[in-house]
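Chain residues, written in single-letter form:
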Amino acid sequence: MRAQAFRSARSLISAVSKQCPRSYSGSRAAAAAASVSSRGRLHSLYSIGASESQNAHNGWGVTGALATLPVAGLMLQEQEAYAAELERTFIAIKPDGVQRGLISEIISRFERKGYKLVAIKILIPSKDFAEKHYHDLKERPFFNGLCDFLSSAPVVAMVWEGEGVIKYGRKLIGATDPQKSEPGTIRGDLAVVVGRNIIHGSDGPETAKDEINLWFKPEELVTYTSNAEKWVYGIN
């Protein structure tokens with residue numbers, strides 16, 4: 001997995017930097033790891049690390065092209081490269097979940113798992129918008145009622161980011177029928193009937209992409225590094 005390779009690169013650079021003089025910046029090392037691993041050239045990174053380690057034994061500082069890399073730019077590239085390895089999924093708290101005051105409860109479950117919120121807003125979807133969201137159910141007899149319900153009151157729309165967030169997000173949510181959902185899931189703990197199952201989550205990568213694009217503009221999605229990530233993924 002590319003994300004695993006990324007973390008391996010970070011660990012390698014971290015180990016090398018500890019062997020090198022103080023002038024070998026930790027942030028520069030991490031940025032170099034991101035830059036190289038994002039291109040799939042982990043062997044090149046190892047070569048850089050090895051040569052720098054040898055330079056340390058010879059009493060030298062950081063030399064060559066690495067010493068002239070713009071740290072700020074590379075740190076940004078590091079964030080973007082790692083973010084590209086993480087999945088994003090669309091999660092919506094439906095009108096019943098909002099009206100029952102379950103917003104903080106639902107958000108906290110994703111946060112406690114270790115996933116990162118990168119977009120959120122509250123809105124009342126129009127009927128036309130609801131029909132676009134449920135377009136794949138257009139031939140079902142309950143389609144019209146489903147769209148009426150989604151557009152009846154405020155909805156909290158969110159995008160969550162993390163490794164495996166699409167598949168595991170569905171596990172956190174539980175089965176469509178709350179009575180078939182396991183205890184500990186959102187629907188298993190907080191809902192009773194299918195027609196009021198309080199939350200929606202993308203069921204696959206393509207669906208997640210389409211739903212995020214439907215509900216959010218690109219500029220509404222935030223890319224950032226959370227201080228908790230090193231504790232969640234071990235990328236310190």
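Residues numbered from 1 in each chain as written. Predicted model: local features only at pLDDT ≥ 70, side-chain atom pairs only at ≥ 80, totals over all residues. Heavy atoms only, no water.

Turning to the UniProt feature "binding site: ATP" (unreviewed entry) in the chain, a few remarks are in order. UniProt marks K94, F142, R170, T176, R187 and N197 with the feature "binding site: ATP" (unreviewed entry), using the numbering shown here. As for its placement among the helices and strands, K94 is situated in the loop between β1 (87-93) and α5 (95-99). Look at K94 and you get buried, because its relative accessible area is 9%. With respect to the element layout, T176 can be found in the loop between α9 (165-173) and α10 (186-190). Other than its neighbours up to four places away in sequence, T176 contacts R187, V194 and N197. (UniProt positions renumbered as here; feature names shortened; annotations may be inferred. Helix = DSSP H or I, 4+ residues; strand = E, 2+ residues; numbered from the N terminus. Buried < 20%, exposed > 50% of the residue type's maximum accessible area, 1.4 Å probe, protein only. Contact = heavy atoms within 4.5 Å.)

On to helix α8 (residues 143-150), then. Taken as a whole, α8 has its buried residues at F143, C147, F149 and L150. On an axial view of α8, the arc spanned by its buried residues comes to 160°, and they lie on one face. Looking at the buried side of α8, the elements it contacts are α5, α7 (127-133), β3 (155-162) and α11 (205-215). (Arc of directions from axis to C-beta.)

A few words on the pattern of salt bridges. Here the structure, examined in full by the defined rule, presents seven salt bridges. Across the pair E161 and R88 runs a salt bridge whose closest N-O atoms are separated by 2.8 Å. Remark: R88 occurs in strand β1 and E161 occurs in strand β3; sequence separation between them is 73 residues. Note on R88: relative accessible area 22%, which makes it partly exposed. Residues E229 and K116 are paired through a salt bridge, measuring 2.5 Å at the closest nitrogen-oxygen approach. With a gap of 113 residues between them, E229 in helix α12 (residues 229-233) and K116 in strand β2 (residues 116-123) connect regions that are remote in the sequence. Per residue, the accessibility class of E229 equals that of K116, and both read buried. (Salt bridge = Lys/Arg side-chain N within 4 Å of Asp/Glu carboxyl O.)

Moving on to the environment of I107. Relative to the assigned elements, I107 resides in helix α6 (residues 103-113). As a C-alpha pair, I107 and I93 span 14 residues in sequence and 9.4 Å in three-dimensional space. Beyond its immediate sequence surroundings of up to four residues, I107 is in contact with I120, M158 and W160.

With respect to the helices and strands, S151 occurs in the loop between α8 and β3. Classification of S151 as buried rests on a relative accessible area of 18%. Of note is the side chain of S151, whose polar atom sits 3.2 Å from the backbone oxygen of D148. The residues touching S151, leaving out its near neighbours within four places in the chain, are I124, P125, S126 and K127. (Polar contact = N/O pair within 3.5 Å; in protein donor to acceptor, adjacent residues only side chain to side chain.)

This next bit is on the packing of α6 against α9. Relative to each other, α6 and α9 sit at 135°, their axes nearing to 11 Å. By the angle class used here, α6 and α9 are oblique. Crossing angle aside, the handedness with which α6 passes α9 is right-handed. For the pair α6 and α9, contact is made by R109, F110 and K113 and by Y168, G169, L172 and I173, respectively. (Axes fitted to C-alpha atoms, helices over the stretch in contact; angles between N-to-C directions. Parallel < 35°, antiparallel > 145°, perpendicular 65-115°, else oblique. Left-handed = near helix turned anticlockwise from the far one by under 90°.)

The strand order β2-β3-β1-β4 describes an open sheet built from four strands, whose pairing is antiparallel. Two strands in the sheet have a free side with no partner beyond their single neighbour: β2 and β4 (199-201). Pairs of neighbouring strands in the sheet enclose a mean axial angle of 20°, with direction left out of account. Across three bridges, the pairing between β1 and β4 is antiparallel. (Pairing = 2+ DSSP bridges.)

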